[in-house]
Each structure stands twice: as structure tokens, then as C-alpha cells.
Amino acid sequence: MTVPQALELTVAAVVMSVGVWTIAARQTFAAVVGFVGYGLLLALVWMRIGAPDVALTEAAIGSGLTGAMLLGAAARLRASEVPMAAERPGRIVRLLAAALSATVAAALAAAIVFLPDPAPTLALAASDNAAATGLSNPVTNVLMAFRAMDTLLEKVVLLLGLVGVWSLAPNNIWGGRPGPLHHADPHGVLAFLARLLPPLGIVVGISLLWISSDYPGGAFQGGTILAAMWLLVMIAGLADAPPVSRQWLRALLWAGPAVFLAVGVGGLALGEAFLAYPVAYAKPLILAIEFAMTLTIAVTLGLLVAGPPEREPGK
Amino acid sequence: MSTSIVFGLCAAMAAGLGLYGVIAHPQPLRKILAFNLLGSGVFLFFGVVARRGAAAGFGGDPVPQALVITGMVVAFCATALAISLLLRLFQTTGIATLRADALASRGTDPTDP
């Protein structure tokens, strides 16, 4: 066995042990902490299988933002944890669940072992058509050009998700400020980090967007880091969340999909097809969409984590 | 064992673990967490398939990789909505359970306006 192989097996064993911990841990809080670690380790696996763009997304969204949201919920639901222990399903149900899960896992494992060889791939097609956009990162090409429709619709899903979250606000505080008001020691570590990290985070977030035409990165990853910086400032109590009825906030939320749609309809008007970029302007158009999207993604993700309005606009 | 087999088996195990958690855990928050574990297994499975399609100098087939990125963002969005629903349930009833009888015994029926 070579050294890389041994390292792969070690990473796989550690990832799976942490994965077992997130299911087996008694306390929800401990399980969520395990999940954050699991996501970060999984990012290593993504790097190893040649997907640095996905590794960034997994670390930022899958582990970071989802973890932050789960931690917040676990803290607020702590009081309900003790009575829930009595609702644990019986031994037979758990055994059946284990048998079913083992069967599904075995079927997936068999599918991986017996995949056809050589594997079908679209990598050649993506490489052959890269000249049409002028971008050399194949994943950005797929996201922004070859499968741009998926990305546009995903933005709409994010917006609909936020509408769903907001609609859970009680009647009298519709349009108010999301989440509880956070207080932190103004001289504590959290407030210190919330002053120190955002300048760095904003630079990293924007550079992830800027380099994404040629290197791993993109609007999602950059936007997620910007959202994380915003949330850090809110959690440290340095700036309150804005009331969700603010016009500028609404404008930021639809700016990304609106630019995307406008470019898409423009492609239709120029006689080609919906979302067809004129070859001469493909790269500037894609960058324009990505810039608008990054802002929208940052605001949408931040507000999704902040939750439904809980306080009146003035309070 | 090749890289894709090792991490493919990881993906299968994560999906199985997540499915077990979704069924066996009574707390809704643990179910949401387990569902994310299940999702990460499915994404990794797709990533391994992408890895096997590596060609043209790319580390993997970029099309499945891009789809996984889209999938992760949508999974995050669904998780955010699920957590908000759960917190609202807890806010209005004082208990975070999915069992209708437990809610009825507390005299708080969330379907009753």
C-alpha cells in the first residue's frame, strides 16, 4: 500500500467515525458539532476526488452555514430535549430501520463497485466548448453557461425558500426584524473577531468570485463567505438585522435573478435562444450576472439563517 | 482499493447512516441533521461518479460537479425552511414533537387557528 492510499483510508475512516457520532451522540448539541467537523473533513474528500469547487461549497454551505443554523436551533430547543427521549422508537422499529439502512447502503456500495467501465463523461464536451465563453474553470462554465437554466431556477428556489421562512412570522410582526436580538460582551472574543474578520472575509469572498472564471471559486462560495461575515457581525451584536420590509433589502434579493433573467431574455431578443450569450460578450455578461448573484446570494443566505421576523421593525 | 471505491463506500455508508437517523431519532432536529447526512452521502456518490469520468485534463466530469453545487445550495435552503418550521412549532406549542397525540394531550392543536 502506498502512502496516498494509506492517507485515503485514514481520511475515509475518520470521516465515517464522525458520521457515526452525529447519529449516535446522545445530545443534539454534540451531534451538531460532530456534523460541522464531518462537513470539513468531507471537504478534504472532495479535494481528493478532483472537485475543489465542490470542496469549497461543502466547507462553506454544507458545514459552515448549515452547522451555524443547526447550532442556533439546538440551543433554542434544548428545553424540549428531555421529554423527547421518551418517544424513542422501540427496539423492533430500530432493528428494522437498521436493516433497511444497511440494505440501502449495500445496494449503493454494489452500484459503485459495478459501475460501467469506461465511465460516461461530458468532460470532453465541456472542454471542447470552453472557447465559447472564454472561461477556463469548467465548473463555472457549466453553472453559468451550459446549464445556466439550472442555476437560474436554483436562485428562484432560494427566493421561494426565504418567502417560506418569512411567512412563518406571527401576524403582528410581519415585516419586522428577523431572529432574536443578540447581545455579546462588547470587549469579548466574539465582538473582537466580528471586528477583525469581516474585512478579511469580504476580500476573500470577492476574490473567490473574481478568480472563479479560471480557478476554483464562484458566486455561491463567495456569497456564502460574505453572508457568514454579515451573520458574525449580527451575532456579536455590533449591527442589528434590518427589518425585512426595507426596500433596499428587497431590491438586493431580486437583483441577482433579475439580471440573470434580463440577460436570458436578451439572448432570446437577439434571435438565438433563452440564456444564449452572444459569443463576443459572453465573459462580461457572465461576470455581470455573477456579481449581481453574489450580492443576492449573500443577503438571501444570511436572511435564511437569521430566520423569520420575530421583532417589530422599531424594536 | 482505488480512490473511487474507497470514497464510494464512504458515500454508501453515509447515506445508510443518514437514513437510519431519519427513521430512528424522535427529535425533529436530529431528523433534519440525519437528512443532511443522507444528502451528503448522495452528493459524494455523485462526486465519485464524476471522478470516474475525469477526462480532458479535468479532475472530474464538471457537469455532475456543478449539479452537486446546485444541490448543496438547495439542500441548505430546504434545511433552513425545515428549521424555521420546527422553531415556529416549538414557539406556538412549547414542544417540538411530530406526534399528534403528544400535542393533543397538551391541549394545543397547531392545526386549530
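Residues numbered from 1 in each chain as written. Chains lettered and ligands numbered in written order. Predicted model: local features only at pLDDT ≥ 70, side-chain atom pairs only at ≥ 80, totals over all residues.

Caption draft 1: Structural view of helix 7 (residues 138–146) of chain A. Here helix 7 of chain A lies mainly inside the structure; nine of its nine residues are buried. Regarding helix 7 of chain A, the residues found buried are Pro138, Val139, Thr140, Asn141, Val142, Leu143, Met144, Ala145 and Phe146 of chain A. Among the structural elements, helix 3 (52–76), helix 6 (123–128), helix 8 (148–166) and helix 12 (282–306) of chain A together with helix 3 (62–93) of chain B are those in contact with the buried residues of helix 7 of chain A. (Buried ≥ 20, exposed ≤ 12 C-beta atoms within 10 Å, placed from the backbone. Helix = DSSP H or I, 4+ residues; strand = E, 2+ residues; numbered from the N terminus. Contact = placed C-beta atoms within 7 Å.)

Caption draft 2: Structural context of the interface of chain A and chain B. Taken residue by residue, the interface counts 81 residues in chain A and 69 residues in chain B. Grouping the constituent residues of the side of chain A that touches chain B by class yields 54 nonpolar, 15 polar and twelve charged. (Nonpolar A, V, L, I, M, F, W, Y, C, P; charged D, E, K, R; others polar.)

Caption draft 3: Broad picture of the domain arrangement of chain A. All names here are of chain A. When cut into domains, chain A gives domain 1 (1–125) and domain 2 (139–315). If you average the C-alpha positions of domain 1 and of domain 2, the two centres end up 26 Å apart. Tallying the contact residues gives ten residues for domain 1 and 13 residues for domain 2. A class-by-class count of the residues in the side of domain 1 that touches domain 2 yields seven nonpolar, two polar and one charged. (Domains from an automatic or database assignment.)

Caption draft 4: Structural context of helix 9 (residues 189–210) of chain A. Residue and element names in this part refer to chain A. Along its 22 residues, helix 9 runs 31 Å from first to last C-alpha, staying within 8% of the 32 Å computed at 1.5 Å per residue. Along helix 9, the helix axis deviates most sharply at leucine 197, where the bend reaches about 35°; the proline proline 198 sits within four residues downstream. Of the residues making up helix 9, those classed as buried are Ala194, Gly205, Leu208 and Leu209. Of the surrounding elements, those touching the buried residues of helix 9 are helix 10 (219–235) and helix 12. (Expected span 1.5 Å × (residues − 1). Bend = angle between axes of the 7 residues up to and from the residue.)

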